[in-house]
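For reference, the chains in residue letters:
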Amino acid sequence: MFLINCPYCGERDQQEFKAGGEAHIERPKQPTELSDDEWAEYLFMRKNIKGVQFERWNHAHGCRKWFNMARDTSNDEIKAIYKMGEKPPTQ
Amino acid sequence: MTQNLRVKSSEFIDETNRISFKFDGKTYYGFKGDTLASALIANNVHLVGRSFKYHRPRGIMTSGSEEPNAIVQVNPNSNITEPNARATEIEIYEGLEASSQNCWPSVNFDIGGINNFLAPLFPAGFYYKTFMWPKSFWEKYEFFIRHSAGLGKSPNARDPDIYDHRNIHCDVLVVGAGISGILAAKNAAKNNFKTLLLDEKNELGGSTIFEENENNKINHNSASEWLKKEINELKNIKNLEIKTRTSVAAYHQYNYLLARENLTDHLVKKDKKNKIRQRLLKIRAKKVILATGALERPLIFNNNDRPGIMLSSAIKKYSNFYGVACGTKNIFFTNNDSAYESALSLHNKGIKVEAIIDIRENSDAKIIKKINDAGIKIYWSHTIVDTRGYKRLSGVSIMKLSNDGTSVTGSKISISCNCLGIAGGWTPAVHLYTQSGSKLTFDEERKIFIPKADTKEQISVGSCGGDFELDEIITNLNYKLKNFLNINKTDFEGIALENDHETSRRNIWLLPSDQTIGKTKPFVDYQNDATAKDIKLALREGFRSIEHVKRYTTTGMGTDQGKLGNMHALGIIADIAGVKMGELGTTTFRPPYTPLTFGTIVGRNVGEFFDTFRRTPMNDWHINNKAEFENVGQWKRSWYYPKEDETMHQAVQRESKAARMSAGILDASTLGKIDIQGSDASEFLNRVYTNAWSKLAIGKCRYGLMLNEDGMVYDDGVTTRLDENHYIMTTTTGGAANVLGKLEDYLQTEWPELDVYLTSVTDHFATASLCGPNSKKILNKIIPDLDLSDVNFPHMSFKEVLIDKIKCRIMRISFTGELSYEINAPASYGEAIWQKCIEAGKEFNITPYGTETMHLLRAEKGFIIVGQDTDGTMTPIDLQMDWIVSKKKYDFIGKRSLYRSDTMKEDRKQLIGLLTEDPNIVLEEGAQIVSELNQKPVEMLGHVTSSYFSPNLNKSIALAVVKGGKNMMGRKLFVPMENKNISVTVANTVFYDEKNERLNA
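Residues numbered from 1 in each chain as written. Chains lettered and ligands numbered in written order. Predicted model: local features only at pLDDT ≥ 70, side-chain atom pairs only at ≥ 80, totals over all residues. Heavy atoms only, no water.

Some details on empty space enclosed by the protein
Residue and element names in this part refer to chain B.
- Applying the stated rule across the entire model yields six cavities of 30 Å³ or more.
- Size it by volume and the largest cavity reaches roughly 110 Å³.
- Contributing to the lining of the largest cavity are 14 residues, with Lys 673, Thr 730, Met 811, Glu 822 and Asn 824 lying nearest its centre.
- Taken together, the elements giving at least two residues each to the lining of the largest cavity come down to β37 (713-723), β38 (726-731), β40 (765-771), β42 (806-812) and β43 (820-826).
- Here the lining of the largest cavity is composed, by residue class, of seven nonpolar, four polar and three charged. (1 Å grid on protein atoms, 1.4 Å probe; cavity = no way out; pocket = protein on both sides within 12 Å on 5 of 7 lines; lining within 4 Å. Points joined across faces, edges and corners; volume = space filled by probe spheres on them. Helix = DSSP H or I, 4+ residues; strand = E, 2+ residues; numbered from the N terminus. Nonpolar A, V, L, I, M, F, W, Y, C, P; charged D, E, K, R; others polar.)

The following block contains the structure:
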């Protein structure tokens, strides 16, 4: 059970949160211009990496805000938490 | 009964408090402070159970939670009996009843014992190998296997006890109250850390508290006396909470630990009453100090499982702590110095120790001299090659070990004894440490796995960290604590320490015998009857991964999870495979450390607290009017209102007819309602719904379909424009929370530039839906001032009105195809407005109807229910709802996916209507649909999604999804059922009032 530091509320138990999959996948601005393959790439393809992964999380049973998390999927270490729209940490 | 083995009075046992208990139907006596195990031993009862596979007689082996053999059934004659309780952990109380497991008809004469002689027929993987063929016989095998398998018997009545959960937040959690844990907790609390100290036993002090070795001294006192003073001081320390009888079950990431606190199991029946039995502690600690100690290892030799063969440390605890001798003629078998301490403890109490057998060549520890002075014979470089005695150990045979330790030489010596203490060294209890995700490292020299590294959040101290000798424990503890807690000094820094040091080591995982391995039974996992032979066989058969060997041989898979023998299994594998143990790794240590009751896990979340129910403001009215309820998500919704002895079918037919003939009323309060405000609200709706919203006039309503980005229908509902920048959206009952979540997601992450605010107002409004040709007249009686003409208040429009000075919203919308009004009143006014409608509707025989009638009425009109007629694979096109998909809008959620090659296929499953040839046959929802009856294999074209007998059409109607159904109008298909094939014809999805004339009737 993670202890997640919501950027708006502070440290809370994982059960207050909902995971929302890979982060930084922007919805295409002009979907109609895309080929089926390009659209499928946006729609279905996710990296699911072993190591540091950037993810979306939602404080669903709290402030309801979405934010991003850099998490090492091999040991579940939360490396960083940052707000929506902010750039992922380089380290 | 005599307590002939009680040898000394003990400060931990209250001999003034005599307690009677029953074991296997026989009454025995013990004292307050005894465990079931110590009391049985005091009564000279060693045979307490039969082993799992071979039904061999087994006795008590240990004195703690690691016990593999002495697992018993508590309250065996009750229907709330508890299986697999460890006799070594059960504290006796007046009236306790327990019995042996795995034996029939009795532990003394067990028919299954024949398996012992058939043992050659039961090798590792026996079940996998034997019951594989012939395949069709499995059901027959299963019957017999089920009857002979399993440990103990399950209770078959509802658990009457109360359980509880508690959340705890602390600065420092100390697990284990041995000498290290006590000193750690004391110093943490003294330095203002909010500290919690837990121990699974009922007494603090671990193994030091009953230590009698005169060579171990702290501050020139005996270690046990010094520790007792320390424990005494704990009472006066602020910030320190101590919980005994509390076993930590799991150590999860981020210092989240689960512990089971046992509150009443040791009490007599009347004191248990109305009290919480066990409590699950959910602990989030800033820092965790593990002081879980070490478990003594057995030695693996031929027939090492007879009743009377025990861990050397357990014998010491029984004699020093409980004042009980485990045998009258004792032998110890060891590979280290600790057995000599146990032997001396017995000797000093006048209990006979016949000999000590040591596989080492010698030892120069100080204690050896004392043993020699006591006249106890030591056999150096010897091993036990066999043991005797069926229900109780009667003797051992020993031989000299060869230099390389792989064989025995010389002649056999036979020694008689009735108790054998085995001492195979110590295994640090690293279970919790590894559960936390931390890694182990193997100490080749001492043959132990120890924690690889401490962190800022967690340290392991004492023997669980690999420190076994007193000076080493205290010195390292001092150093570690100062760093971990960032303090300058501990209160025990520099204290005088004296103790023995172990200098000589020899480790042999599987001890040799004069017989070939095939003829021996060296048990590695006592509970699961896995022997070293089984492990060897598994390796011979090609198993290499230790996880595979574990599952194939079942080593370490019992309720004790192989706490005793797992290391030997690893050692034997490493020896045979010729790899180093450090490279081999360990099997995964999984929670819980000791078994948990289901009661502890669920706590208070049983019965009515199992899940939360949501009830509408009109709920009491529904109950008073005999409604049957159905669960929709967490909501309790009225399903139908049976009159007198009506069946459900009769009630629904009556309700459905009434709603179309005159007037019906439905509680629609559960529909999700989302209040949408902001200057970009219209643009937002444009993006989330498939149809256009910009031109919707204020005061008008519109039905909308919401897709997922993959083009599949996600939710639907009517949205009303209340004002220029203000909408109220309705969602399906079950989808409300998810829709809000999804909309928030898009707003916050994809379109943060939009000025839109979403608020869930589902609970704020109660909704009464009036329906039927007389609904207008009823509404007119309630609000005479409101002009209800079609010109002023047409279909799909909204009015805000005052009813009894209460602001209500009325939408003229219809889910039944009839003229219909939905009155939304503030929730607190819900029941009153409902009553008002019922009163006003009396002259029109207004009929309350539930969800079943609602479903029937909408099916007559071919309106879909998301989640019933759709299943996450249906596009609006599949549903024949092309009309609601805007061609003009540049984009909306899911639009691009509607043009993927897959979603555009002609032969996708599409929604159609079905009429049965015989109008009286009602299809089963979920039934498969085919076009050919004789085709093999038959092609499944689709399935029925909704099906009813329509009282208004007087025939059966159904909705279904069928491959390429759109182009099958009028085609004959079949619904094959168990006894018959039902002929059906593909029809339009709208069965009733195709021209929508009744909306303005």
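Some points on the state of the cysteines
- Scanning the model with the defined rule gives zero disulfides over all chains in all.
- We note that Cys 9 of chain A lacks a disulfide partner, and the nearest cysteine sulfur, in Cys 63 of chain A, lies 3.7 Å from it.
- With a relative accessible area of 28%, Cys 9 of chain A lands in the partly exposed category.
- Left unpaired, Cys 837 of chain B is separated from the closest cysteine sulfur, that of Cys 808 of chain B, by 9.5 Å. (Disulfide = S-S within 2.5 Å. Buried < 20%, exposed > 50% of the residue type's maximum accessible area, 1.4 Å probe, protein only.)

Details of the packing of helix α5 (residues 179-190) of chain B against helix α6 (residues 223-234) of chain B
All names here are of chain B.
- One way to put it is that α5 packs onto α6 with a least axis distance of 10 Å and a crossing angle of 35 degrees. Note that α5 runs across α6; the crossing there is left-handed. Residue-level contacts link Ile 179, Ile 182, Leu 183 and Lys 186 of α5 to Trp 226, Leu 227, Glu 230, Ile 231, Glu 233 and Leu 234 of α6.
- Here the contact of α5 with α6 is composed, by residue class, of seven nonpolar, no polar and three charged. (Axes fitted to C-alpha atoms, helices over the stretch in contact; angles between N-to-C directions. Left-handed = near helix turned anticlockwise from the far one by under 90°. Contact = heavy atoms within 4.5 Å.)

Some thoughts on the sheet that holds strand β23 (residues 408-416) of chain B
Residues and elements named next belong to chain B.
- Taken in spatial order, the three strands line up as β21-β22-β23 in an open sheet, and their pairing is antiparallel. At either end of the open sheet lies a strand with only one pairing partner, and these are β21 (382-388) and β23. With direction set aside, neighbouring strand axes in the sheet form an average angle of 25 degrees.
- Note: β21 against strand β22 (residues 395-401), six bridges, orientation antiparallel. Its bridge partner lying in β22, His 382 is registered against Lys 400. (Pairing = 2+ DSSP bridges.)

Notes on the pattern of salt bridges
Residue and element names in this part refer to chain B.
- Summed over all chains, the structure comprises 69 salt bridges over all chains.
- Linking Lys 201 and Glu 200 is a salt bridge whose minimum nitrogen-to-oxygen distance equals 3.9 Å.
- Glu 200 sits in the partly exposed class, given a relative accessible area of 26%.
- Here Lys 905 makes a salt bridge to Asp 902, at a shortest N to O gap of 3.2 Å. (Salt bridge = Lys/Arg side-chain N within 4 Å of Asp/Glu carboxyl O.)

Side note on the packing of helix α13 (residues 532-540) of chain B against helix α14 (residues 546-553) of chain B
Residue and element names in this part refer to chain B.
- Running from N to C, α13 and α14 cross one another at 125 degrees; their axes reach a closest spacing of 10 Å. One way to sum up the angle between α13 and α14 is to call them oblique. Handedness of the α13/α14 crossing: right-handed. In this structure, α13 uses Asp 534, Ile 535, Ala 538 and Leu 539 to contact α14, whose residues at the interface are Val 549, Tyr 552 and Thr 553.
- Considered class by class, the residues forming the contact of α13 with α14 number five nonpolar, one polar and one charged. (Parallel < 35°, antiparallel > 145°, perpendicular 65-115°, else oblique.)

Points about α5 of chain B
Residue and element names in this part refer to chain B.
- Helix length check: α5, at twelve residues, gives a terminal C-alpha distance of 17 Å against a target of 16 Å (1.5 Å per residue), a fit within 8%.
- The buried fraction of α5 amounts to eleven of the twelve residues, a majority that puts the element mostly inside the structure.
- Residues of α5 that are buried include every one of Ile 179, Ser 180, Gly 181, Ile 182, Leu 183, Ala 184, Ala 185, Lys 186, Asn 187, Ala 188 and Ala 189, and no others.
- Immediately beyond the C-terminal end of α5, within one or two residues, lies Asn 192, with a positive phi of roughly 70 degrees. (Expected span 1.5 Å × (residues − 1).)

Some points on the interface of chain B and chain A
- With 27 residues of chain B at the interface, the matching set in chain A holds 30 residues.
- Here chain B packs against chain A, burying approximately 2400 Å² in sum over the two surfaces, 44% of which is carbon and sulfur.
- Per-residue buried area on chain B facing chain A is highest for Tyr 254, Tyr 890 and Arg 896 of chain B; these three make up 29% of the total on that side.
- For the pair chain B and chain A, the interface holds six salt bridges.
- Of the charged contacts in the structure, one is a salt bridge between Glu 744 of chain B and Arg 64 of chain A, with a shortest N-O distance of 2.9 Å.
- Inspection of the region where chain B meets chain A yields 21 residue pairs in polar contact (both at pLDDT 80 or more). (Buried area = accessible area lost by both parts, 1.4 Å probe. Polar contact = N/O pair within 3.5 Å; in protein donor to acceptor, adjacent residues only side chain to side chain.)

Points about the environment of Asp 37 of chain A
- Relative to the assigned elements, Asp 37 of chain A resides in helix α1 (residues 36-44).
- Residues Asp 37 of chain A and Gln 15 of chain A, 22 residues apart in the sequence, show an inter-C-alpha distance of 37 Å.

Notes on the domain arrangement of chain B
- What the domain assignment lists for chain B is domain 1 (1-154), domain 2 (163-294 + 428-498), domain 3 (300-424), domain 4 (509-597), domain 5 (667-857) and domain 6 (905-1000).
- Placing a centre on the C-alpha atoms of domain 3 of chain B and another on those of domain 5 of chain B gives a separation of 83 Å. (Domains from an automatic or database assignment.)

Digging into the nonpolar core
All names here are of chain B.
- Membership of the largest hydrophobic core comes to 116 residues, with the highest contact counts inside it found for Leu 36, Phe 333 and Leu 420.
- What Phe 333 contacts, discounting residues up to four positions off in sequence, is Leu 299, Phe 301, Ile 357, Ile 359, His 382, Thr 383, Ile 384, Leu 420, Gly 421, Ile 422, Ala 423 and Leu 511.
- In terms of nonpolar packing, the next biggest core, distinct from the first, is built from 41 residues, Ile 168, Phe 449, Cys 464 and Ala 538 among them. (Core = buried A, V, L, I, M, F, W, Y, C linked by side-chain atoms within 4.5 Å.)

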